[in-house]
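# Analysis of the macromolecular model
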Amino acid sequence: MSTMANTVSHGVANVHMVNMFDDNYGYILQDRDTGATAVVDPGDPEPVFARCQELGLSPSIVLCTHKHADHSAGNKFFLEKYSGLDVIGTQYESIPDMTKPVGDGDTFSLGSLTIETLYTPCHTKGHVVFHVTKKSTGSKSDTDSSDSETPSILFSGDTLFVGGCGKFFEGTPEQMLTNMRRLKQLPGSTLVFCAHEYTTSNLKFLASVDPTVAPRFEQAVQIRGAGQPTIPSTIGAEA
C-alpha cells in the first residue's frame, strides 16, 4: 500500500478520498488496470465531481451504501453529469435515484475489479457494504479468509468505523454483532474505508475502558492534528 496526499494505492486500485461536510468522506475508486471509475457515497457531490475532473476520471457507477442524505444526496447529480452511469445501491431500502438495486452476495464488475455486496442491516434496515477484489482472483467469499495477503478493499459506509461501529438507528445489537463477525472473515489486510472521521472520539472512549488503547488514541490525535485522515484502517486492526 502506498499513500500520496489523499490518494491510497493498494494492489488493485487507487482510492481517492474526498472531504465532505464536517466529517464525511466520499470516495473515488479507480481500477489501476483500466481506469474504470466508481464514486462511493457522494453525499456532497460538488467536491467529489471536482476531484474527478482534477484527476481526469469519468465514473461509470455510483456505489451507495444506504439511504441517508449525507451518502445519497449526490446520486442525481452524477446521473445528470455522466450519460449511462448506474447508481448501485441496496435493494432492501429506498435509495434516491437508484438505477440498479443489489442484494446480499450480488457481484458486478468495474474494469478488472469485482465488487461484492454484503448486507449489513442495523444502522439502517437496508445498509450494505462493498468488498472490492481483483476480477482474475474471483470474488472473495465473506466466509473465506484463507489468503490474508489478497489485495482487497472494503467500503463500509456507516457499519464499521475505525475503533467502532455505526449507530443502531433501525436495527439491534445482535444484528451489528452479526455484521462484525461476518466482516471479520474478510482477509485481514483488507483496507477499510469508512464514511466518517470518528476515529479520535471512538478511540478516546475505548481508551477510557481499556488503557492499552491509549497509544493508538494518541497516535490518532497526532494524525488529525497534522490535518491528515486516520483512514484507511484494516480488517485485521478492527477485528
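### A closer look at the packing of aromatic side chains
One pass over the full model with this rule turns up eleven aromatic pairs. Ring geometry for phenylalanine 78 versus tyrosine 82: centroids 6.2 Å apart, planes at 10°, classification stacked. Across this residue pair, the class does not change: phenylalanine 78 and tyrosine 82 are buried. Measuring from ring centre to ring centre gives 3.9 Å for tyrosine 92 and tyrosine 119, while their planes differ by 25°; the resulting arrangement is stacked. Within this pair, whereas tyrosine 92 is found in the loop between β7 (86–90) and β8 (100–102), its partner tyrosine 119 is found in strand β10 (residues 113–119), the two being separated by 27 residues in sequence. Taking the relative accessible area as the measure of exposure, tyrosine 92 reaches 27% and is therefore partly exposed. Residue tyrosine 119 is classed as partly exposed on the basis of its relative accessible area, which comes to 25%. Ring pairs connect the aromatic residues Tyr25, Tyr27, Phe155 and Phe193, which therefore count as one cluster.

### Some remarks on unusual backbone geometry
Here the amide bond leading from isoleucine 231 into proline 232 is cis, since omega sits at 10°, within 30 degrees of zero. Along the polypeptide, proline 232 turns up in the loop between α6 (214–225) and β16 (233–234). The phi torsion at phenylalanine 21 lies on the positive side, around 50°, for a residue other than glycine. Notably, aspartate 41 is not glycine yet its phi reads approximately 50°, a positive angle. Its place among the elements puts aspartate 41 in the loop between β5 (37–40) and α1 (45–55).

### Comments concerning the pairing of strand β4 (residues 24–31)
Each regular strand shows side chains that alternate between the opposite faces of the sheet. By the criterion of burial, β4 is predominantly enclosed, with eight of the eight residues buried. Burial along β4 is two-sided: the residues Asn24, Gly26, Ile28 and Gln30 and Tyr25, Tyr27, Leu29 and Asp31 are all buried. Where strand β3 (residues 13–20) meets β4, eight bridges bridge the pair, whose relative direction is antiparallel. Among the inter-strand pairings, alanine 13 is bridged to a residue of β4, identified as aspartate 31.

### A closer look at the side chain of serine 233
As for its placement among the helices and strands, serine 233 is situated in strand β16. On the basis of relative accessible area, serine 233 is assigned to the buried category, the value being 8%. Separated by 2.5 Å, the side chains of serine 233 and glutamate 238 make a polar contact.

### Considerations on α1
Among the residues of α1, those classed as buried are Pro45, Val48, Phe49, Arg51 and Cys52. End-on, the buried residues of α1 take up no more than an arc of 160°, which puts them together on one face. Opposite its buried face, α1 presents the exposed residues Gln53 and Glu54, each directed more than 90 degrees away. At the C-terminal side of α1, glycine 56 shows a positive phi close to 70°.

### Brief notes about the sheet that holds strand β9 (residues 107–110)
In space, the six strands of this open sheet follow the order β9-β10-β11-β12-β15-β16, with mixed pairing throughout. Two strands bound the open sheet, and with one partner strand each, they are β9 and β16. The pairing of strand β12 (residues 153–157) with strand β15 (residues 191–194) spans four bridges and is parallel. Considered in β15, the bridge of leucine 154 is made with valine 192. Relative to β10, helix α4 (residues 173–183) is tilted by about 155°, and along the sheet it contacts β10, β11 (128–134) and β12.

### Notes on the confidence of the model for the chain
Overall, the prediction assigns the chain a mean pLDDT of 92, with 92% of residues at 70 or greater. The low-confidence segment residues 137–148 (pLDDT under 50) makes 27 contacts with residues lying over four places distant or belonging to another chain.

### Regarding the side chain of serine 152
Inspection of the secondary structure puts serine 152 in the loop between β11 and β12. Overall, the relative accessible area of 0% leaves serine 152 in the buried class. Contact partners of serine 152, with chain neighbours within four places excluded, come to His10, His131, Val132, Thr133, Ser189, Thr190 and Leu191.

Calculation criteria
Residues numbered from 1 in each chain as written. Predicted model: local features only at pLDDT ≥ 70, side-chain atom pairs only at ≥ 80, totals over all residues. Heavy atoms only, no water. Phe/Tyr/Trp six-rings, centres within 6.5 Å; stacked < 30°, edge-to-face > 60°. Buried < 20%, exposed > 50% of the residue type's maximum accessible area, 1.4 Å probe, protein only. Helix = DSSP H or I, 4+ residues; strand = E, 2+ residues; numbered from the N terminus. Pairing = 2+ DSSP bridges. Polar contact = N/O pair within 3.5 Å; in protein donor to acceptor, adjacent residues only side chain to side chain. Arc of directions from axis to C-beta. Contact = heavy atoms within 4.5 Å. Axes fitted to C-alpha atoms, helices over the stretch in contact; angles between N-to-C directions. pLDDT = per-residue confidence, 0-100.

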